[in-house]
Amino acid sequence: MTRKERLNYRNEKVREFFTNLERKHPQWKLSALLEETASQFPPISPATVSAILKEQGTYSKKVKI
């Protein structure tokens, strides 16, 4: 598995975890959801989680040729 494939897999897991957490705790603020998600994926920060969810920059799903 290449580094890019591992990162894409991680990003999908981050999105999935965030979505499930959001459904489980609808009363939580966005910042709490981002922090909890980041704590489950240690090397990333809440800002990185936000970028992954928004598909910004290098975290976009677009395939570059």
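Rules behind the numbers
Residues numbered from 1 in each chain as written. Predicted model: local features only at pLDDT ≥ 70, side-chain atom pairs only at ≥ 80, totals over all residues. Heavy atoms only, no water. Helix = DSSP H or I, 4+ residues; strand = E, 2+ residues; numbered from the N terminus. Buried < 20%, exposed > 50% of the residue type's maximum accessible area, 1.4 Å probe, protein only. Contact = heavy atoms within 4.5 Å. Core = buried A, V, L, I, M, F, W, Y, C linked by side-chain atoms within 4.5 Å.

**Student:** How should I be thinking about the environment of Ala38 in this particular structure?
**Tutor:** Here Ala38 shows up in helix α2 (residues 30–40). Since its relative accessible area comes to 6%, Ala38 is described here as buried. In sequence terms Ala38 and Thr48 are ten residues apart; their C-alpha atoms lie 8.1 Å from each other. If near-sequence neighbours (up to four positions away) are discounted, Ala38 is found in contact with Ile44, Ser45, Pro46 and Val49.

**Student:** Which parts of the structure should I look at to understand the nonpolar core?
**Tutor:** Nonpolar side chains tend to gather and get buried jointly when the protein is soluble and globular. Counting ten residues, the largest nonpolar core consists of Val14, Phe18, Leu21, Leu33, Leu34, Ala38, Phe41, Ile44, Val49 and Ile52. Put simply, the parts of the chain that give this core at least two residues each are α1 (3–24), α2 and α3 (46–54). Ignoring sequence-local partners within four residues, the contact set of Leu34 consists of Phe18, Pro46, Val49, Ser50 and Leu53.

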